[in-house]
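A look at the structure
This is what each chain is made of:
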Amino acid sequence: MSETTPVVYLKKPLPPRFIQFGWAATSIGLILVLAAYAVDHTRASYNNIIGLTLLAGISVGALLLVALEYLAGAVWSTPFRRVMEFVAAATPLVILFALPLFFDLHNLYHWTNAAIVQSDTILRNKTPYLNVNFFMIRFAVFVGLWLLFNFFLSKNSKKQDATKDQKLTTANIRWSTLFVPVFALSMTFFGIDWVMSLEAHWFSTIFGVYFFIGSVLTALAVATFLIVTLNESGYFVAGLGKDHYYSLGALIFAFTNFWAYIAFSQFMLTWYANVPEETFWFIARWHNGWQYASVLLIIVKFAVPYGVLLSQPSKKDPAKLKFIGAWMVGAQFFDLYWLVMPSYSKSFVFGWMELGFPLLVVGLIALVFAAKYNNNNLVPIGDPKLQRGINFHL
């Protein structure tokens, strides 16, 4: 296909089973969430934190992938960039997931208890950062920035379908240049606020990177699953194939290795320094059944995706990419569960209450994706890089 060949994009409705899955997952998830809050309010709140951080990681991570394409001038991902834009549209739901937690902060975060803080030197020294007012201000600023960048990046992209104005690409490059450092800082502190401060005595200078790399990896996995699935059913344009898939598989493989490197570095430096303010966090995850979860996390989030995607052909294999795409969402949930739930229970605990929020997150993302799909083109037909993206070959 030459540069001058017009792109033929024929939009067709999503299959009914996609919408049905979204409603089923959302309904079952919501029922389980409400039941969990009725049975054990505290445990449900800790699971709410998992759901909140899972949703934020996928939606805002997807927006980062959009920004990276503009910033890097990549062409291979242009034909299916809208998948990431549609997933990023779920970002406003972060507010809904956070609202119940704001009414339960004193039950979850001991640094919100003034009496405890005054009698604890470490917490008292962290008070300028760890206080309820500043915590809520940071959340509002982070979400406000995410929504702002999401609005302009998606608005310009959609407008370009009609105008084919290349200046809109230039505008989005500028927005992306600003968003990348905003993402790195905001997602770092978002993870510190909602997850790391559950055990506010803990010190780690690597946790922020650990958190946002896991988020980006999960967003990439979600996008990969949707891209391969939709392309196999003819929802994009002719010409997309295994060369495009290879780039997706290679990125998942690279981010998986980077996540493992960061995770090991955090553990190794803590073990080597042997400082009580750091070691207690890992010790808690190596007793009372949590040691099995710790070993399982290494297998689930590193060994399995590493083994599946190690060979070059596997990075082009649609079946393996769809499997890993779904697998990594579960792996991220398990990672967040491993980060959060030892703060709730010293002994390993897992049951039906832990299933509600991940189901709700997956279901809502599917419904948001469907709604965006119905009102927008899945292919950015006005993007000047589209033809080169379709013609991309390794």
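Preceding this paragraph is the structure being described.
This section reports on the structure supplied with the text. (Residues numbered from 1 in each chain as written. Predicted model: local features only at pLDDT ≥ 70, side-chain atom pairs only at ≥ 80, totals over all residues. Heavy atoms only, no water.)

Scanning the chain for helices and strands turns up 16 helices and zero strands. Computed over C-alpha atoms, the radius of gyration of the chain comes to 21 Å, within 12% of the 21 Å expected from 2.2 N^0.38 for 394 residues, which places it in the range of a compact globule. Overall, the chain is about 70 × 40 × 40 Å in size when its C-alpha atoms are taken along their principal axes. Counting every position in the chain, which comprises 394 residues, the buried fraction comes to 55%. (Helix = DSSP H or I, 4+ residues; strand = E, 2+ residues; numbered from the N terminus. Rg over C-alpha atoms; globule rule 2.2 N^0.38 Å. Buried < 20%, exposed > 50% of the residue type's maximum accessible area, 1.4 Å probe, protein only.)

Attention shifts here to the nonpolar core. In this structure, Val 83, Phe 190, Trp 194 and Leu 378 are the most contacted members of the largest nonpolar core, which totals 131 residues. If one sorts the elements of this core by residue count, helix H2 (residues 41-72) sits on top with 17 residues. Not counting the four nearest positions on each side in its chain, Trp 194 is found in contact with Ile 49, Leu 52, Thr 53, Ala 98, Leu 101, Phe 102, Leu 105, Tyr 109, Phe 135 and Phe 139. (Core = buried A, V, L, I, M, F, W, Y, C linked by side-chain atoms within 4.5 Å. Contact = heavy atoms within 4.5 Å.)

Scanning the entire structure with this criterion turns up 11 salt bridges. A salt bridge links Lys 301 to Asp 335; the shortest N-O distance between them is 2.8 Å. Of this pair, Lys 301 sits in helix H13 (residues 290-309) while Asp 335 sits in helix H14 (residues 318-340), placing them 34 residues apart in sequence. Here Asp 335 falls in the buried class, since its relative accessible area comes to 2%. Because the salt bridges share partners, they merge into one network encompassing Glu 69, Arg 81, Arg 82, Glu 85, Asp 161, Asp 383 and Lys 385. (Salt bridge = Lys/Arg side-chain N within 4 Å of Asp/Glu carboxyl O.)

Right, let's talk about the packing of H2 against helix H4 (residues 93-102) for a bit. Each pair of packed helices can be summarised by the angle the axes make with each other and by the distance between the axes. Contact pair H2 / H4: the axes reach a minimum separation of 9 Å and the direction vectors enclose 160°. Put simply, H2 runs roughly antiparallel to H4. Where H2 crosses over H4, the two elements pack in a sense that is left-handed. Note on element contacts: H4 touches H2 through Leu 93, Val 94, Phe 97, Ala 98, Pro 100 and Leu 101, opposite Ser 45, Asn 48, Ile 49, Gly 51, Leu 52, Leu 55, Ala 56 and Ser 59. (Axes fitted to C-alpha atoms, helices over the stretch in contact; angles between N-to-C directions. Parallel < 35°, antiparallel > 145°, perpendicular 65-115°, else oblique. Left-handed = near helix turned anticlockwise from the far one by under 90°.)

Taken together, the side chains of Ile 28, Val 39, Phe 348, Phe 350, Trp 352, Leu 355 and Leu 359 make up a nonpolar region of the molecular surface, amounting to roughly 630 Å² of accessible area. For Phe 348, the location among the structural elements is in the loop between H14 and helix H15 (356-375). (Patch = residues over 30% accessible without salt bridge, like charges linked within 9 Å, V, L, I, M, F, W, Y side chains within 5 Å. Areas by Shrake-Rupley, 256 points an atom, 1.4 Å probe, with all protein chains shown as cover.)

The residue Asn 231 is located in helix H10 (residues 207-232) in this model. Each residue touching Asn 231, except ones within four places of it in the same chain, is listed here: Phe 236, Val 237, Leu 240 and Tyr 245.

Treat this as a map of the structure, not an account of what it does.
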